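What the coordinates show
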Amino acid sequence: MRALTLPAPAKLNRLLRITGRRPDGYHSLQTLFQILDSGDTLRFLPRLDSDDITLSPALANVAEADNLVVRAARLLQQQTGCRQGAAIELEKRLPMGGGLGGGSSNAATTLLALDHLWGLNLGIDRLAALGLTLGADVPVFVRGDTAWAEGIGEQLVPVDLAPCWFVVIHPDVEISTAAVFGHPGLTRDSTVISMRRALAGAAPDAVWRNDCESIVRALYPEVDRALSWLDQYGNAMLTGTGACVFCPLDDEAQADQVLRQVPDGWQAFKARGSNRSPLHLALDTAKGLDRAQG
């Protein structure tokens, strides 16, 4: 069987409201996941005579057994009894720990790719449920739609957002998600709002915000500096718990103009919002080719 190359797109949290803390320690939230047309790339070569799972190149400071790509592949094997394996190559572009969902997206791409290559045909609902055991952000990438989310981020409603470009900046700092969510000053009682009210843009200063942002700005001065710099071009925000910050822009030309001005020492890229994941578009194309080739 031929190798399969698929994207693992990034996401942005266009808003993030923390509405409570659950007995299991997780936080209840409302967020709007925006899928981007930019991210990592994975290449899968199935092994029909071995159940070995290999990943290359190795990621710095991440043991292979802890990598979400490997964990996703082995989870599929464990849940289905599949005795096939795969050699997986990861082209990593997204900064690790940036709040862009890179690891979760890698896991989702792995679940969808190997479900196809191994002929498992589990279906999106089961794959999303398996993905949730790997991380709260995995289901949105498995389902593949820009979406309104509640619960811990797994209760998803697809939405269509107007076309938009973004500049995303990583200010070269590492943020501890546990430290942010465990901070005593974190807002944990934001009012639950309706999806309709949020998408209609009602009271944008109160609705389109990230409840983690004030804590992250206080703990990480470089993130504060990046947000202040980017805010001159529009409504700059933190995504997730950071460290990446972003600004929505009207068109690609404006995004290019902002990129040219980014200070030295910060990683930056432009991306376009996508209501349907490029992963799913690419996988549909691959499935169509496989059917055509018999």
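Whatever comes next refers back to the structure up there.
Everything in this summary refers to the structure shown in the same document. Residue numbers run consecutively from 1 along every chain, following the written order of its sequence. pLDDT decides what is reported in this predicted model: residues at 70 or higher carry local features, side-chain atom pairs at 80 or more are listed and counted, and totals for whole chains, interfaces and linings draw on all residues regardless. Only heavy atoms go into the side-chain values, all of them from the structure, while hydrogens and water stay out.

1. A look at the nonpolar core
Counting 45 residues, the largest nonpolar core has Leu 76, Ile 88, Leu 111, Leu 114, Trp 118 and Leu 134 as the members making the most contacts within it. Contacts are assigned to residue pairs that have any heavy atoms within 4.5 Å of one another. Beyond its immediate stretch of four places on either side in the chain, Leu 134 contacts Leu 68, Arg 71, Ala 72, Leu 75, Ala 107 and Leu 111. Residue types Ala, Val, Leu, Ile, Met, Phe, Trp, Tyr and Cys, when buried and joined through side-chain atoms within 4.5 Å, form a set referred to as a nonpolar core. Each residue is assigned to one of three classes by its accessible area relative to the maximum for its type, calculated with a 1.4 Å probe on protein chains only: buried under 20%, partly exposed between the two thresholds, exposed over 50%. Residues Ile 18, Val 173, Phe 181 and Ile 215 belong to the second largest nonpolar core, which totals 30 residues.

2. As for the environment of Phe 269
In DSSP terms, a helix is any run of H or I states spanning at least four residues, a strand is any run of E spanning at least two, and both are numbered starting from the N terminus. Positionally, Phe 269 belongs in strand E10 (residues 267-274). As a C-alpha pair, Phe 269 and Val 168 span 101 residues in sequence and 5.5 Å in three-dimensional space. In this structure, Phe 269 is in contact with Ser 38, Leu 94, Leu 100, Phe 166, Val 167, Val 168 and Leu 259, ignoring residues within four places of it in sequence.

3. Considerations on the side chain of Asn 13
Counting through the fold element by element, Asn 13 comes out in strand E1 (residues 4-21). Polar contact is defined as a pair of N or O atoms within 3.5 Å, subject to the rule that within protein one atom must be able to donate a hydrogen and the other to accept it, and that residues adjacent in sequence are counted only when both atoms are side-chain atoms. A distance of 3.0 Å separates a polar atom in the side chain of Asn 13 from the backbone nitrogen of Gly 240. Setting aside chain neighbours within four positions, we find Asn 13 in contact with Thr 31, Leu 32, Phe 33, Gly 99, Met 237, Leu 238, Thr 239, Gly 240 and Phe 246.

4. Describing helix H1 (residues 68-80)
The end-to-end C-alpha separation of H1 is 18 Å, in line with the 18 Å expected for 13 residues at 1.5 Å each. Buried residues of H1: Leu 68, Val 69, Val 70, Ala 72, Ala 73, Leu 75, Leu 76 and Gln 77, and no others. On the buried face of H1, the contacting elements are strand E2 (27-47), strand E3 (53-56), strand E4 (85-91), helix H2 (102-117) and helix H3 (124-134). Sitting at the head of H1, Asn 67 places a side-chain oxygen 2.8 Å from the backbone nitrogen of Val 69. A helix is expected to reach a length of 1.5 Å times the quantity of its residues less one.

5. A look at unusual backbone geometry
Of note, the amide linkage connecting Ser 56 to Pro 57 takes the cis form, showing an omega dihedral of -10°. Residue position: Pro 57 is located in the loop between E3 and H1. Located in the positive-phi region is Asn 121, a residue other than glycine, with phi close to 55°. By the secondary structure assignment, Asn 121 is in the loop between H2 and H3. On the accessibility criterion, Asn 121 (64% relative accessible area) is exposed.

6. Things to note about the layout of surface pockets
Only protein atoms enter the 1 Å grid used here, on which a cavity is any set of points holding a 1.4 Å probe that cannot leave and a pocket is any open set flanked by protein within 12 Å on both sides along at least five of seven lines; residues with an atom within 4 Å of a point are listed as lining. Grid points are joined across faces, edges and corners, and a volume is the space filled by probe spheres set on the points. Empty space within the largest pocket amounts to approximately 1400 Å³. Gly 97, Gly 99, Ser 104, Asp 137 and Thr 177 are the residues nearest the centre of the largest pocket, which is lined by 48 residues in total. Counting residues per element, the ones that place at least two in the lining of the largest pocket are E1, E2, H1, H2 and helix H5 (177-181). Think of it as three bins: nonpolar holds Ala, Val, Leu, Ile, Met, Phe, Trp, Tyr, Cys and Pro, charged holds Asp, Glu, Lys and Arg, and polar takes everything else, Gly as well. Here the residues of the lining of the largest pocket sort into 20 nonpolar, 22 polar and 6 charged. Its boundaries defined by the atoms lining it, the second largest pocket holds a volume of some 270 Å³. Around the second largest pocket sit Arg 14, Asp 160, Leu 161, Ala 162, Pro 163, Cys 164, Leu 199, Trp 208, Asn 235, Met 237, Phe 246 and Pro 248, which together line it. Counted by class, the lining of the second largest pocket contains 9 nonpolar, 1 polar and 2 charged residues.

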